[in-house]
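Each chain, written out:
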Amino acid sequence: MGSPACDLALFGAMGDLASRKLFPALYHLYRAGLLSEESRILALARRDLSEAEARYQIGQSLEEHLGASAVEASEVEGFLARVSYLRLDFADGMGYQQLGDWHHQGPGTNTLVLYYATPPALYDQITGHLRDAGCCDERTRVVVEKPIGQDLSSSRELNDQLAGVFREENIYRIDHYLGKETVQNLIALRFANNLFASQWDQNHISHVEITVAESVGVDGRWSYFNSAGQLRDMVQSHLLQLLCLLAMDPPSDLSPDSIRDEKVKVLKALSPLTPERISTHLVRGQYTAGTAEGVPVPGYLEEEDAEGPSHTETFIALKVEIENWRWAGVPFYIRTGKRLPEKRSEVIVHFKPAPHYIFDPDQKHLANNKLIIRLQPDEGMALQILTKDQGLSRGMRLRQGPLELTFAEAFETDRIPDAYERLLLEVMKGNQYLFVRRDEVEYAWRWVDQLLANCEECGAHPKRYAAGTWGPVASIAMITRDGRSWYEDA
Ligand code: BG6
């Protein structure tokens, strides 16, 4: 289904996020006929550009990010005809009236969607100027990117500022992981298959692993990253969202609030990492020089844009417990890091062994079923099951093998849409189910804040790991202490 007509005003339109993600996503929606004929886009940026120059640059960046073969000249032209450009100094209230004029000169029925693709430090100013220029009414939607604050109090402040002008049902807080097809698939997998629904608890599951690994380093963003670290940058948002989708109770329907109510219950039930638990439940790491995909790379402190010594973590592994009936005694081992051996995001659900084992004792280590959900790349899932080994000579020997579903092969999809395509489409449709509600953000910060405070109290500085390895050895020790191993080590 296409989207209703919208006027999309894109703040920071000539910036990195817009050129890497937003314009390519809008272009794909346009190509797929999912952008309403009446929808219009206003690119807003500080640069002194004519409309023709702005369109030219956006066209160039589409080619750069999608590849020349994926863009069709006539389609790019058709798409760019929808784009207008307005030079605006975001800090200066003067130009905002022109944005209002642009909207009012349109068809009149289009919903105004404001997308803040800018540093969060500008959100408040932009919101204030929009309000003063009378650009917003009770239908106006606003889309904001993470990070929503640096801690609970700054996130509250930012949420209060937004709430001063926009209604919560019109605020779309992006966590782009929620827009990934395979992440949404967790909902389908869990709640459309009774097979799993009946097994999804502490009676049947022994533990869960969530790995979000990246081979890149901090990618020219040292200064931002250094003030955040992997815990704030990745765990507070993406990994806790994944955890919520895996652990939440079934929502009564697919409405945004039913889903988000269930996620909030998980966040509230996260067991705090008290100072006594820090040494056994948390490992932080920072990469030193090593290799990335075979090429030598510098350490975090030697990156070109590095600004001196730092205790910021580029890797974190955590043992997370959820204090409720469903998950009592089931640890969720989560880890995420930069400069790991490969880019890979996956979830491994380890099921408990059968209550009574009757096969060769030397094969007992094979006895646990595993569900492997590959979020990226090679999107798909595999269920590791045990069968009898083939042949007359083997007796009742067991063999482990996967029931395998690779989405690209099974569904003959040539392209899995980027998360931003889905998210922009849902904003235009006015569906908030893939966006983060205020209380989710704040409960996540509450948990992260106590963790950071307790790390500070324990002086838990990051341990070194060489770029191109799976993080500090302490992260292996963390899981081995429980008699388990990370999936790739098994
Ligand atoms: C962003 C983080 O939110 O997600 C980045 O700020 C990280 O540090 C990125 O690299 C990872 O996203 P993806 O979609 O490439 O897994």
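Residues numbered from 1 in each chain as written. Predicted model: local features only at pLDDT ≥ 70, side-chain atom pairs only at ≥ 80, totals over all residues. Heavy atoms only, no water.

Caption draft 1: Summary view of the overall build of the protein. Each helix and strand in the protein was counted, giving 15 helices and 17 strands. Computed over C-alpha atoms, the radius of gyration of the protein comes to 24 Å, within 12% of the 23 Å expected from 2.2 N^0.38 for 490 residues, which places it in the range of a compact globule. By its C-alpha atoms, the protein is 80 × 50 × 45 Å across when sized along the principal axes. Sorting the 490 residues of the protein into buried and exposed places 53% on the buried side. Of the contacts formed within the protein by residues at least 6 apart in sequence, a portion of 78% connects residues at least 24 apart. Of the roughly 21600 Å² of accessible surface on the protein, a fraction of 50% belongs to carbon and sulfur atoms. (Helix = DSSP H or I, 4+ residues; strand = E, 2+ residues; numbered from the N terminus. Rg over C-alpha atoms; globule rule 2.2 N^0.38 Å. Buried < 20%, exposed > 50% of the residue type's maximum accessible area, 1.4 Å probe, protein only. Contact = heavy atoms within 4.5 Å. Areas by Shrake-Rupley, 256 points an atom, 1.4 Å probe, with all protein chains shown as cover.)

Caption draft 2: Region of interest: the packing of helix α1 (residues 16–31) against helix α3 (residues 73–80). Running from N to C, α1 and α3 cross one another at 105 degrees; their axes reach a closest spacing of 10 Å. Accordingly, the angle class assigned to the pair α1 and α3 is roughly perpendicular. Taken together, the residues of α3 that come into contact with α1 (itself represented by Phe23, Leu26, Tyr27, Tyr30 and Arg31) are Glu75, Val76, Gly78 and Phe79. Here the contact of α1 with α3 is built from residues that sort into 6 nonpolar, 1 polar and 2 charged. (Axes fitted to C-alpha atoms, helices over the stretch in contact; angles between N-to-C directions. Parallel < 35°, antiparallel > 145°, perpendicular 65-115°, else oblique. Nonpolar A, V, L, I, M, F, W, Y, C, P; charged D, E, K, R; others polar.)

Caption draft 3: Examining helix α5 (residues 123–132) more closely. Those residues of α5 not exposed but buried are Tyr123, Ile126, Thr127, Gly128, His129 and Leu130. On the buried face of α5, the contacting elements are β1 (6–11), α4 (96–104), β4 (111–116), β5 (141–144) and α6 (152–163). Backbone geometry just downstream of α5 places glycine 134 in the positive-phi region, at approximately 70 degrees.

Caption draft 4: Broad picture of the domain arrangement of the protein. On domain assignment, one finds that the protein holds domain 1 (6–145) and domain 2 (178–420 + 431–489). For domain 1 versus domain 2, the distance between C-alpha centres works out to 35 Å. (Domains from an automatic or database assignment.)

Caption draft 5: Inspection of the packing of aromatic side chains at higher detail. Across all of its chains, the model carries 17 aromatic pairs by this definition. Ring geometry for tyrosine 357 and phenylalanine 359: centres 5.9 Å apart, planes at 65 degrees, overall edge-to-face. On the basis of relative accessibility, which here comes to 32%, the residue phenylalanine 359 falls in the partly exposed class. Between arginine 40 and the ring centre of tryptophan 102, over which it is positioned, the NZ or CZ distance is 4.4 Å. The ring of tyrosine 177 carries the charged tip of lysine 180 above its face, separated from the ring centre by 4.6 Å. (Phe/Tyr/Trp six-rings, centres within 6.5 Å; stacked < 30°, edge-to-face > 60°. Lys NZ or Arg CZ within 6 Å of the ring centre and 35° of its normal.)

Caption draft 6: Main features of the nonpolar core. In this structure, Phe11, Phe23, Leu99, Tyr115, Tyr116 and Leu318 are the most contacted members of the largest nonpolar core, which totals 129 residues. Considering every element that reaches this core, the biggest residue donor is helix α9 (residues 222–247), with 11 residues. Here this core spans two domains, since at least three of its residues come from each of domain 1 (6–145) and domain 2 (178–420 + 431–489). When residues no more than four places from it in sequence are discounted, the contact partners of tyrosine 115 are Leu8, Ala9, Leu10, Phe11, Leu17, Leu22, Val143, Glu145, Ile174, Tyr420 and Leu424. Counting residues in hydrophobic clusters, the runner-up holds 20 residues, among them Val218, Ala292, Phe315 and Tyr465. (Core = buried A, V, L, I, M, F, W, Y, C linked by side-chain atoms within 4.5 Å.)

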